[in-house]
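# Tertiary structure, described
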Amino acid sequence: MHIKMETLRGAALVTLEGRFEFETRNVFKRVIGEIVQNGHRRLILDLQLVTFLDSAALGLLLLTDQNFKLNKGMVGLVHPTGYVRQVLELANIPRVIPVFESVHEAVGRFALV
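The residue count restarts for each chain, going from 1 along the sequence in the order it is written. Given that this is a predicted model, residues contribute local features only at a pLDDT of at least 70 and side-chain atom pairs are listed and counted only at 80 or more, while totals for whole chains, interfaces and linings are drawn from all residues. Note that the side-chain values use all heavy atoms of the structure and ignore hydrogens as well as water.

## Quick look at the overall build of the protein
The line we're drawing: What counts as a helix is a DSSP run of H or I of at least four residues, what counts as a strand is a run of E of at least two, and both are numbered from the N terminus. Contact definition: two residues touch when any of their heavy atoms are within 4.5 Å. In these tables, accessible area is a Shrake-Rupley quantity obtained with a 1.4 Å probe, and a residue counts as shielded only by the protein chains included in the view. Positive charge is attributed to Lys and Arg, negative charge to Asp and Glu, and no charge count is given to His or to the chain ends. Every charge is mapped onto a representative atom, which is NZ of Lys, CZ of Arg, CG of Asp or CD of Glu.
The helix and strand tally for the protein stands at four helices and five strands. Counted from the first residue to the last, the protein has its helices and strands arranged as β-β-α-β-α-β-α-β-α. Principal-axis analysis of the C-alpha atoms places the extent of the protein at approximately 30 × 25 × 25 Å. Residue pairs at least 24 apart in sequence account for 68% of intrachain contacts in the protein once pairs closer than 6 positions are excluded. In the form shown here, the protein has an accessible surface area of approximately 6,300 Å², with 52% of it arising from carbon and sulfur atoms. Across the protein, the centroid of the 13 positively charged side chains sits 9 Å from that of the 11 negatively charged ones.

Here is the structure:
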């Protein structure tokens with residue numbers, strides 16, 4: 001999995017590409033740790049280029065969301081497609097973590113809070 005991180009209007013935007021699975025968990029955790037250390041309280045995960053995710057990835061998404069909420073932060077998911085969207089919906093992730101159709105929509109929503 002390839003990960004790109006940038007800051008957009010005060011939110012950390014993380015673009016994930018490829019397979020988000022057990023084998024890539026440490027890379028994801030390291031990036032999220034850096035984001036937290038830098039004091040970001042808003043995290044946007046762009047999933048448009050993710051082709052696969054497994055139960056470990058689902059667990060990491062929920063754990064990340066929980067940790068941000070404990071620190072009065074927010075996590076949002078952007079533009080999951082195909083298989084990834086189906087898995088997220090089957091796991092009821094959108095009931096816990098908001099899903100947006102675009103980065104612009106997520107940034108706008110986070111700016112209101």
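There's more to say after this.
## A short note on the packing of aromatic side chains
To keep things clear, this is the line we draw: Aromatic pairs are defined between Phe, Tyr and Trp rings, using the six-membered ring for Trp, whenever the two ring centres lie within 6.5 Å; interplanar angles under 30 degrees are classed as stacked, those over 60 as edge-to-face, and all others as tilted. The classification of residues rests on relative accessible area computed with a 1.4 Å probe and restricted to protein chains. Under 20% of the type maximum is buried, over 50% is exposed, and intermediate values are partly exposed. Think of it as a cone above the ring: NZ of Lys or CZ of Arg counts as a charge over the ring if it is within 6 Å of the ring centre and within 35 degrees of the ring normal.
In the structure shown here, the tally under the stated rule is three aromatic pairs. With a centroid separation of 4.8 Å and an interplanar angle of 45°, the aromatic rings of F20 and F28 are classed as tilted. When its relative accessible area of 1% is taken as the criterion, F28 is described as buried. Judged by centre distance (6.0 Å) and plane angle (85°), the rings of F100 and F110 are edge-to-face. Of this pair, F100 sits in strand β5 (residues 99-100) while F110 sits in helix α4 (residues 103-112), and the two are ten residues apart along the sequence. As far as burial versus exposure is concerned, F100 and F110 are alike and both buried. The positively charged end of R19 is found above the aromatic ring belonging to F52, 4.1 Å away from the centroid. For the cation-ring pair, R25 lies above F22, with the distance from its terminal atom to the ring centre recorded as 3.8 Å.

## Section: the packing of helix α1 (residues 25-37) against helix α2 (residues 55-70)
Heads up, the condition is: Only the stretch in contact is used when a helix axis is fitted, and all axes are lines through C-alpha atoms; the angle between N-to-C directions ranges over 0 to 180 degrees. Our angle categories are set so that under 35 degrees counts as roughly parallel, over 145 as roughly antiparallel, 65 to 115 as roughly perpendicular, and the remainder as oblique. Should the near helix be turned anticlockwise from the far one by less than a right angle, the crossing is left-handed, and should it be turned clockwise, the crossing is right-handed. Ten residue types, Ala, Val, Leu, Ile, Met, Phe, Trp, Tyr, Cys and Pro, are classed as nonpolar, four, Asp, Glu, Lys and Arg, as charged, and the remainder, Gly among them, as polar.
Viewed as axis vectors pointing N to C, α1 and α2 meet at an angle of 15°, and their least axial separation amounts to 12 Å. Between α1 and α2, the angle is such that the two are roughly parallel. Note that α1 runs across α2; the crossing there is right-handed. Residue-level inspection shows R25, F28, K29, I32, I35 and V36 of α1 in contact with α2, the latter providing L60, T64 and F68. Looking at the contact of α1 with α2 residue by residue, the classes come out as six nonpolar, one polar and two charged.

## Overview of the sheet that holds strand β3 (residues 42-53)
Our working rule: In this scheme, strands are said to pair when DSSP sees at least two bridges between them.
What the five strands build is an open sheet, ordered β1-β2-β3-β4-β5; its pairing is mixed. The open sheet has two free edges, formed respectively by β1 (2-8) and β5, since each of these has just one partner strand. Taken together, the five bridges between β3 and strand β4 (residues 74-78) define a ladder with parallel strand orientation. In the strand pairing of β4, I44 is matched with G76. Across the face of the sheet, α2 comes into contact with β2 (11-20), β3 and β4 while running at roughly 175° to β3.

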